[in-house]
Amino acid sequence: ASRQLARWAEQGPSVREAHRRAWEKVARQPEAFSIRAWDAQNQTGRGAVHQLFPTVVITKTVQEISAEGIQLLAAEALRKYNSFALLVRKTSPELRDSQVNDAFFGYQVTREADQSTPVALERWPELYRDSNHFRVLKDAVRSGCQEYLTQTGAGHHSEVDIAIWASVFSGAAGQMTFHDHPLATVSGAFYAQ
């Protein structure tokens, strides 16, 4: 999923065009995208894959943050992850990298509204309190969410509740597994490196 999102990010406007064409194809031939059509093809021994629900993806270059700011955010995420991983591995050395990353997610205060609480400021003051680049990133995320909602016809929302966190994936063992965010209206990823 992460690699696909990265490929979509590289493709830019062509992705929107591909989704528009996919929606037009569904509108012209809705019967071809029904379960009945899939069952008929599957009974012949040939499976067929159809895109039933095209996902609208909007890519955006985050211009609000300098390259130096992005590198500082990446360095801070790596620093915190490495110190967290060191502590976790002392008590649970058998954990895989993906499990450490999951634990790192659980350690973070992800809701923006909670990132100024004493617990958050104790856990990661360098990010939640001290990083102007992190504030700028959250503003850019909020703006991107609002832009997405407007462009997809959901209208403008003056209040956008943001959940944001860092994940660290290193080497072949570090990769995002398939997952969803069922309570999110909009989900996105920002890759610092």
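Worth saying up front: this structure is predicted, and the values here are computed from it rather than measured.

## Structural notes on the overall build of the protein
Working step 1: Summing up its helical and strand segments, the protein has 8 helices and 0 strands in all.
Working step 2: Put simply, the protein runs from its N terminus to its C terminus through helices and strands in the order α-α-α-α-α-α-α-α.
Working step 3: Counting every position in the protein, which comprises 193 residues, the buried fraction comes to 26%.
Working step 4: Put simply, of all contacts in the protein between residues at least 6 apart along the chain, 61% involve residues at least 24 apart.
Working step 5: For the protein, the accessible area works out to roughly 13,100 Å², and carbon and sulfur atoms hold 55% of it.

## Remarks on the packing of helix α4 (residues 67-91) against helix α5 (residues 97-107)
Working step 1: Between α4 and α5, whose axes approach to 10 Å, the crossing angle comes to 110°. Relative to α5, the element α4 lies roughly perpendicular. α4 and α5 meet at a crossing whose hand is right-handed. Residues Ala77, Lys80, Tyr81, Phe84, Ala85, Val88 and Arg89 of α4 lie in contact with α5, whose contacting residues are Asp97, Val100, Asn101, Ala103, Phe104 and Tyr107.
Working step 2: Class assignment of the residues belonging to the contact of α4 with α5 gives a composition of 9 nonpolar, 1 polar and 3 charged.

## Examining the packing of α4 against helix α8 (residues 132-151)
Working step 1: Closest axis-to-axis distance for the α4/α8 pair is 9 Å, and the angle between their directions is 105°. Compared by their axis directions, α4 and α8 come out roughly perpendicular. For the pair α4 and α8, contact is made by Gly69, Leu72 and Leu73 and by His133, Phe134 and Leu137, respectively.
Working step 2: Tallied by class, residues from the contact of α4 with α8 come to 4 nonpolar, 2 polar and no charged.

## Considering the confidence of the model for the protein
Working step 1: Per-residue confidence for the protein gives a mean pLDDT of 78; residues scoring 70 or more make up 69%.
Working step 2: Across residues 1-13, confidence stays below pLDDT 50; counting only partners more than four residues off in sequence or on other chains, it has 12 contacts.
Working step 3: Here residues 32-42 is a poorly scored stretch, pLDDT under 50, and it has 13 contacts once near neighbours within four places are set aside; other chains count.

## Remarks on the packing of aromatic side chains
Working step 1: Evaluation of the coordinates by the stated rule reveals 7 aromatic pairs.
Working step 2: Residues Tyr81 and Phe104 carry aromatic rings whose centres are separated by 5.4 Å and whose planes lie at 80° to one another, so their mutual orientation is edge-to-face. Here Tyr81, found in helix α4, pairs with Phe104, found in helix α5; they are 23 residues apart in sequence, far enough to count as distant. For the pair shown, Tyr81 and Phe104 are each scored as buried.
Working step 3: When the centroid spacing of 5.1 Å and the interplanar angle of 40° are considered together, the rings of Phe84 and Tyr107 count as tilted.

What counts and what doesn't
- Residues numbered from 1 in each chain as written.
- Predicted model: local features only at pLDDT ≥ 70, side-chain atom pairs only at ≥ 80, totals over all residues.
- Heavy atoms only, no water.
- Helix = DSSP H or I, 4+ residues; strand = E, 2+ residues; numbered from the N terminus.
- Buried < 20%, exposed > 50% of the residue type's maximum accessible area, 1.4 Å probe, protein only.
- Contact = heavy atoms within 4.5 Å.
- Areas by Shrake-Rupley, 256 points an atom, 1.4 Å probe, with all protein chains shown as cover.
- Axes fitted to C-alpha atoms, helices over the stretch in contact; angles between N-to-C directions.
- Parallel < 35°, antiparallel > 145°, perpendicular 65-115°, else oblique.
- Left-handed = near helix turned anticlockwise from the far one by under 90°.
- Nonpolar A, V, L, I, M, F, W, Y, C, P; charged D, E, K, R; others polar.
- pLDDT = per-residue confidence, 0-100.
- Phe/Tyr/Trp six-rings, centres within 6.5 Å; stacked < 30°, edge-to-face > 60°.

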